6 protein chains.
Amino acid sequence: MELSARNQLKGTVKNVSTDNIMAEVTVDFGGQEVVSVITKSSFERLGIKAGQPVTVIIKATDVMLAR
Amino acid sequence: MELSARNQLKGTVKNVSTDNIMAEVTVDFGGQEVVSVITKSSFERLGIKAGQPVTVIIKATDVMLAR
Amino acid sequence: MELSARNQLKGTVKNVSTDNIMAEVTVDFGGQEVVSVITKSSFERLGIKAGQPVTVIIKATDVMLAR
Amino acid sequence: MELSARNQLKGTVKNVSTDNIMAEVTVDFGGQEVVSVITKSSFERLGIKAGQPVTVIIKATDVMLAR
Amino acid sequence: MELSARNQLKGTVKNVSTDNIMAEVTVDFGGQEVVSVITKSSFERLGIKAGQPVTVIIKATDVMLAR
Amino acid sequence: MELSARNQLKGTVKNVSTDNIMAEVTVDFGGQEVVSVITKSSFERLGIKAGQPVTVIIKATDVMLAR
């Protein structure tokens, strides 16, 4: 499956935390971190665990800039 | 100003392209790229140019994961 | 690649329209339509054309409800 | 009230689940499912229950494509 | 139609600008402004014009905070 | 830090509520309210409390319109 989302960054899962409905996953990119909040059911379906390689995906219209 | 958005990554502007309303900005992070689509007026207000340092900002609920 | 995004609906591309930066793609699902706005470069990279099968992907936190 | 959001699909509530702050609602569209995550207070305000008709609303810029 | 989106603010259209695919609409709220970027086809379907009353709608998960 | 997000509205925190992962913050703008859902860790990092001034930030592509 090829995806339209422009931003696909490869990193490593650093930390995971779950709630009844939501899950928070911290991904490390060689020193910088990205945090993702997804549903707990997607988190469980993907079988995400600390230490695993993972791809972070972000639609370009959701990316802001600052100077 | 401190921002709630969890994801604030420092990179360098690699490429810019504008339309009447929208602007597309490619940011380099030591080899991986992130593309941002913002309004042309925000692009002009920030004065973004290729070669500049820039911070990419993404709300955690807009970040998906893939394995 | 398996994706965290919960909503992955299979449809058929009905109509495409492009600008300098953005592309608008209408997808048919057996009578109901979904419109997607992505970057023109992603549109070209995927090689999307009318009549093709395509998967629409939407993060659950971007879905609203109305009664 | 007429809404700018392009994507308004009519379905039936299949499943609901709530947390302190968030609610997850699964909507059926003749075999395909869409999951929505909204605030629990919006969920309660709309009075959403399994078996009810509901309209799913998605802004076009939040829709990705995959092939 | 009652909508799950929590944020529904009443204002007045101050300025409009269109492209092939996108439209940018500036809405005034008694001194503060909100800018909306929607598809041109939604803009035309709603018949939005400067001076009109309009409701701005934002999903709570798309709202960031700063101090 | 100057931000690309077009919509930056100054208000006052009216109510806060937290979960394990998420936080819900209601902000008052002279009578109209905006609700924000952010991660609990961002909420704690910003030290948000009822009665404080706060800036609400929304990317223009996340703003819908209705008539």
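What you see is a predicted model, and the numbers here were worked out from it, not measured in a lab. (Residues numbered from 1 in each chain as written. Chains lettered and ligands numbered in written order. Predicted model: local features only at pLDDT ≥ 70, side-chain atom pairs only at ≥ 80, totals over all residues. Heavy atoms only, no water.)

(A) Molecular detail of the overall build of chain A. Helix and strand counts for chain A stand at one helix and five strands. When its C-alpha atoms are laid out on the principal axes, chain A stretches across 35 × 25 × 25 Å. Accessible area of chain A: about 2400 Å², with a carbon and sulfur share of 44%. (Helix = DSSP H or I, 4+ residues; strand = E, 2+ residues; numbered from the N terminus. Areas by Shrake-Rupley, 256 points an atom, 1.4 Å probe, with all protein chains shown as cover.)

(B) Quick peek at the sheet that holds strand 4 (residues 53-58) of chain C. Taken together, five strands build an open sheet; the order of strands is 3(C)-2(C)-1(C)-4(C)-5(D) and the sheet is antiparallel. If you trace the sheet from one side to the other, it starts and ends with strand 3 (32-39) of chain C together with strand 5 (64-66) of chain D, each paired once. Neighbour-to-neighbour, the strand axes of this sheet turn through a mean angle of 45°, independent of strand direction. As paired strands, strand 4 of chain C and strand 5 of chain D are joined by three bridges and run antiparallel to one another. Counterpart to Val56 of chain C in the pairing with strand 5 of chain D is Leu65 of chain D. (Pairing = 2+ DSSP bridges. Axes fitted to C-alpha atoms, helices over the stretch in contact; angles between N-to-C directions.)

(C) Spotlight on the interface of chain C and chain D. With 33 residues of chain C in contact, the opposing surface of chain D contributes 33 residues. Where chain C abuts chain D, roughly 3100 Å² becomes buried across the two surfaces, and 58% of that area is made up of carbon and sulfur atoms. Among the ionic pairs, Glu24 of chain D bridges to Arg6 of chain C, the shortest N-O distance being 3.3 Å. There are 18 residue pairs in polar contact (both at pLDDT 80 or more) connecting chain C and chain D. Among the elements of the structure, strand 1 (7-18), strand 2 (22-29), strand 3, strand 4 and strand 5 (64-66) of chain C are those that each provide at least two residues to the side of chain C that touches chain D. (Contact = heavy atoms within 4.5 Å. Buried area = accessible area lost by both parts, 1.4 Å probe. Salt bridge = Lys/Arg side-chain N within 4 Å of Asp/Glu carboxyl O. Polar contact = N/O pair within 3.5 Å; in protein donor to acceptor, adjacent residues only side chain to side chain.)

(D) Representation of the interface of chain F and chain A. Chain F puts 14 residues into the contact, and the matching count from chain A is 14 residues. Of the roughly 1100 Å² buried between chain F and chain A, counting both surfaces, carbon and sulfur atoms make up 58%. Contact with chain A buries surface across chain F, with Ser4, Ile21 and Lys59 of chain F losing the most and accounting together for 45% of the total. Our count for the chain F to chain A interface comes out at zero salt bridges. Here chain F and chain A share five residue pairs in polar contact (both at pLDDT 80 or more) between them. For the side of chain F that touches chain A, the residue count by class is five nonpolar, five polar and four charged. (Nonpolar A, V, L, I, M, F, W, Y, C, P; charged D, E, K, R; others polar.)

(E) Expanded view of the relation of the copies chain C and chain D. Between chain C and chain D, which share one sequence, the superposing operator has a rotation angle of 180° and an axial displacement of 0.0 Å; the RMSD is 0.0 Å. The superposition of one copy onto the other is thereby described by a two-fold rotation axis. Ranked by how close their C-alpha atoms come to the rotation axis, the residues of chain C are headed by Asp62 of chain C, at 3.3 Å. Same-surface contact between copies: 100% of interface residues of chain C are shared with the interface of chain D. (Least-squares fit on C-alpha atoms with pLDDT ≥ 70 in both.)

(F) Spatial organisation of the sheet that holds strand 4 (residues 53-58) of chain E. Taken in spatial order, the five strands make up an open sheet running 3(E)-2(E)-1(E)-4(E)-5(F), and their pairing is antiparallel. Each of the sheet's edge strands pairs with one partner strand only, and the pair in question is strand 3 (32-39) of chain E together with strand 5 (64-66) of chain F. On average, adjacent strands in this sheet sit at an angle of 45° to one another, irrespective of strand direction.

(G) Looking closely at the pairing of strand 1 (residues 7-18) of chain E. All names here are of chain E. For strand 1 and strand 4, the ladder comprises six bridges, and the chain directions are antiparallel. Within strand 4, the position partnered with Leu9 by the bridge is Val56. Two successive antiparallel strands, strand 1 and strand 2 (residues 22-29), enclose a turn made up of three residues.

(H) Region of interest: the confidence of the model for chain A. Per-chain confidence: chain A averages 95 in pLDDT, with 100% of residues scoring 70 or above. Per-element confidence in chain A ranges from a low mean pLDDT of 95 for strand 3 (residues 32-39) of chain A to a high of 97 for strand 5 (residues 64-66) of chain A. (pLDDT = per-residue confidence, 0-100.)

(I) Spatial organisation of the relation of the copies chain F and chain A. Once turned by 120° and shifted 0.0 Å along the axis, chain F lies on chain A with an RMSD of 0.0 Å. The two molecules are tied by a three-fold rotation axis, judged by turn and shift. Of the C-alpha atoms belonging to chain F, the one lying closest to the rotation axis is found on Thr61 of chain F, 4.1 Å away.

(J) Molecular detail of the pairing of strand 2 (residues 22-29) of chain F. Residues and elements named next belong to chain F. Counting buried residues along strand 2, seven of its eight residues qualify, which places the element largely inside the surrounding structure. Strand direction decides the pairing type here: strand 1 (residues 7-18) and strand 2, joined by six bridges, are antiparallel. When the bridges of strand 2 are listed, Thr12 appears paired with Asp28. Pairing of strand 2 with strand 3 (residues 32-39), which is carried by eight bridges, proceeds in the antiparallel orientation. Its bridge partner being in strand 3, Met22 is matched across the sheet by Thr39. Counting the residues in the hairpin turn of strand 2 and strand 3 gives two residues, including Gly30, whose phi is positive at 50°. (Buried < 20%, exposed > 50% of the residue type's maximum accessible area, 1.4 Å probe, protein only.)

(K) Up close: the side chain of Thr61 of chain F. For Thr61 of chain F, the position within the fold is in the loop between strand 4 (53-58) and strand 5. For Thr61 of chain F, a relative accessible area of 3% translates into the label buried. Among the polar contacts made by the side chain of Thr61 of chain F, one reaches the main-chain carbonyl oxygen of Thr61 of chain A at a distance of 3.4 Å. For Thr61 of chain F, the residues in contact, after removing those within four places along its chain, are Thr61 of chain A, Met22 of chain B, Lys59 and Thr61 of chain D together with Val37 of chain E.

(L) Highlighting the side chain of Ser42 of chain B. Here Ser42 of chain B is to be found in helix 1 (residues 40-46). Since its relative accessible area comes to 1%, Ser42 of chain B is described here as buried. Polar side-chain contacts of Ser42 of chain B include one of 3.0 Å to the side chain of Thr39 of chain B. Other than its neighbours up to four places away in sequence, Ser42 of chain B contacts Ser4 and Arg6 of chain F.

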